[in-house]
Amino acid sequence: MELLAPAGGMEQLRAAVAFGADAVYLAAERFGMRARAANFRMDEIPAAVAFAHDHGVKVHVTCNILMHPDDIDGLLPFFRALDAAGVDAFIIGDLGAFAVAGEVAPRVERHVSTQASVANATAARVWHSLGASRVVCAREMSLADIARLRQDAPPDLEIEAFAHGAMCMAVSGRCLISSYLTGRSGNKGHCTQPCRWSYQLGAASPAATRPDEPAGGDLGRPSPASVVELPQSENAIGIQGGLKSAPTEFAAGRPVEFLLEEEKRPGEFFPIEEDDRGTFIMNAKDLNMLAHLQALADAGVDSIKIEGRNKKAFYVATVVGAYRRVLDGEPPDEVADELLAVSHRPYGTGFYFSEAEQAPAYDGYEQETMHIADVVAGDPHHLYLLCRNRFAEGDELEVLAPHEPSRRLIVRDLHWLNTFGPDNHDEDAPATVEEALARATPADWEAAAVANRSCNLYRILVEGDACGGAPAAHVPEGSFLRKRTFRRSARHGS
């Protein structure tokens, strides 16, 4: 199976390539579903494609937002420029955009985005008849659904499926909540993730609405005077806890309409509707299919996709590296802890084996390591590091390098390069890491007990048992250093 990795910027693309991606997907300045990612300017894409192709990696470009007339008008030059840059595929969700791409860039493969919600072979055959070479499965499909699609779809139509990353609580990500609350549309790439926000739960009596309004208040929202806060033990559940039954205080003839109040919108109430499954506006678990890659392959999946174009290079390297190692034959249980090292919500398997599960315990992230530094160069005795978080002389760190298990590294003989960094405003200060290292003299390196200047350059000694007995040359440029430090960011739960 192809391993398809996210590249929200050039650093992430380099990490994806180094750690074993077969292909990357990225977005330009327009038409992508991750507008908050760094993304690529159009004039940067040729170099990104050239770098990827030099390493045998394909480049797919997303064009999967909800298309309005003005968007369609801008597609002709967009597709022509990407064709000229040499991209390998477009990921498209709109039928009109799909047709335009076929007309102006027939060389480039067209992949049908998950935004199109392809969930059956009939839909897949229609897209194939229009020129699609691949469909990205709807997130709601089970492995049995995918296997049936594979059996009934044209043999030369490739199937791509998500294997890892954040899940949206809406059908294939087509959600209106962000647009409704903030005016920023998730369908245009600007989702503010309101399904992850902290909400308080209250209840209201229909009889307590304003006399000049229908039951439920203006636009279904009761007046503040009619809202009753639940007892703290019930109220603290928040939106992620769901509601399986009414609290006992409101069981018989008491307030029966349950309401949500988002913490930054006091006095603005949203009614909850639920069935026997509970409420549908909930905090989805992150997808993790590392232990089930063979099942995906057996179902007929040709390409597994990692979500995360808003993620940093350290995340991309960690997750891509873990999946690469398992695809190359390592047992999943020997690699699984790598996915606990990076920031994540509780993991699940999405819809592949059963209904997707929610994360009711808390509404945040956790991780078992902290990204400490990027390895930017090395010589037979030293590693040169770009600091990302604080570390100190004597600290035990871990090396995250491509295609190998992590190993320990002890910080020894720590030095700081005093001529480079964001706080150095000298006119002749070096502008890049490469320039700074090339110009550095022995006198420029100051002994330091602590590395605490972000994006500054540091040097450490790597000899003997400092790096598990391996010389510095065996820690390649592009590796990362991390520290075992459990962190959890949760506003509710334990």
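This section reports on the structure supplied with the text. (Residues numbered from 1 in each chain as written. Predicted model: local features only at pLDDT ≥ 70, side-chain atom pairs only at ≥ 80, totals over all residues. Heavy atoms only, no water.)

**Remarks on unusual backbone geometry**
Notably, S117 is not glycine yet its phi reads approximately 55 degrees, a positive angle. Here S117 falls in the buried class, since its relative accessible area comes to 18%. With a phi close to 55 degrees, D413 is a non-glycine residue in the positive phi region. By secondary structure assignment, the location of D413 is in the loop between strand 21 (407-410) and strand 22 (415-417). (Buried < 20%, exposed > 50% of the residue type's maximum accessible area, 1.4 Å probe, protein only. Helix = DSSP H or I, 4+ residues; strand = E, 2+ residues; numbered from the N terminus.)

**Things to note about the environment of A52**
Among the structural elements, A52 can be located in helix 2 (residues 45-54). Each C-alpha atom of the pair A52 and V87 lies 9.9 Å from the other, and the pair is 35 residues apart in sequence. Beyond its immediate sequence surroundings of up to four residues, A52 is in contact with V57 and V59. (Contact = heavy atoms within 4.5 Å.)

**Quick word on a nonpolar patch on the surface**
Among the surface-exposed residues, L95, V126 and L130 lie close enough to one another that they form a single nonpolar patch of about 260 Å² accessible area. As for its placement among the helices and strands, L95 is situated in helix 5 (residues 95-104). (Patch = residues over 30% accessible without salt bridge, like charges linked within 9 Å, V, L, I, M, F, W, Y side chains within 5 Å. Areas by Shrake-Rupley, 256 points an atom, 1.4 Å probe, with all protein chains shown as cover. Salt bridge = Lys/Arg side-chain N within 4 Å of Asp/Glu carboxyl O.)

**Concerning the sheet that holds strand 21**
Read from one edge of the open sheet, 8 strands run 21-20-26-17-18-25-22-23, paired in antiparallel fashion. Two strands close off the open sheet at either side, each with one partner strand: strand 21 and strand 23 (445-447). Across the sheet, the mean angle separating the axes of adjacent strands is 40 degrees when strand polarity is ignored. On top of the sheet, helix 11 (residues 313-327) reaches strand 17 (365-378), strand 20 (396-400) and strand 26 (480-489); it is set at about 100 degrees to strand 26, its chief contact. (Pairing = 2+ DSSP bridges. Axes fitted to C-alpha atoms, helices over the stretch in contact; angles between N-to-C directions.)

**Structural notes on the packing of aromatic side chains**
Summed over the entire model, instances satisfying the criterion amount to 7 aromatic pairs. Relative to Y458, the ring of F391 lies with its centre 6.1 Å away and its plane at 70 degrees, an arrangement referred to as edge-to-face. Taken together, the residues span a long stretch of sequence, with F391 in strand 19 (residues 391-392) and Y458 in strand 25 (residues 457-461) at a distance of 67 residues. What makes F391 buried here is its relative accessible area of 0%. Across the ring face of F51, the terminal group of R14 is positioned such that the distance to the ring centre comes to 4.6 Å. Taking the ring centre of F98 as reference, the NZ or CZ of R110 above it sits at 4.2 Å. (Phe/Tyr/Trp six-rings, centres within 6.5 Å; stacked < 30°, edge-to-face > 60°. Lys NZ or Arg CZ within 6 Å of the ring centre and 35° of its normal.)

**Some words on helix 5**
Count 3.6 residues to each turn of an α-helix, and residues three or four apart come out pointing the same way. Along helix 5, the residues classified as buried are A97, F98, V100, A101 and V104. All buried residues of helix 5 lie within an arc of 165 degrees about the axis, which places them on one face of the element. Residues of helix 5 that are buried in the fold lie against helix 3 (69-73), helix 4 (75-85), strand 4 (89-92), strand 5 (109-112) and helix 6 (121-129). For helix 5, the capping residue at the N-terminal end is D94, with a side-chain oxygen 2.9 Å from the backbone nitrogen of G96. (Arc of directions from axis to C-beta. Polar contact = N/O pair within 3.5 Å; in protein donor to acceptor, adjacent residues only side chain to side chain.)

Any link to function would need more than the numbers given here.
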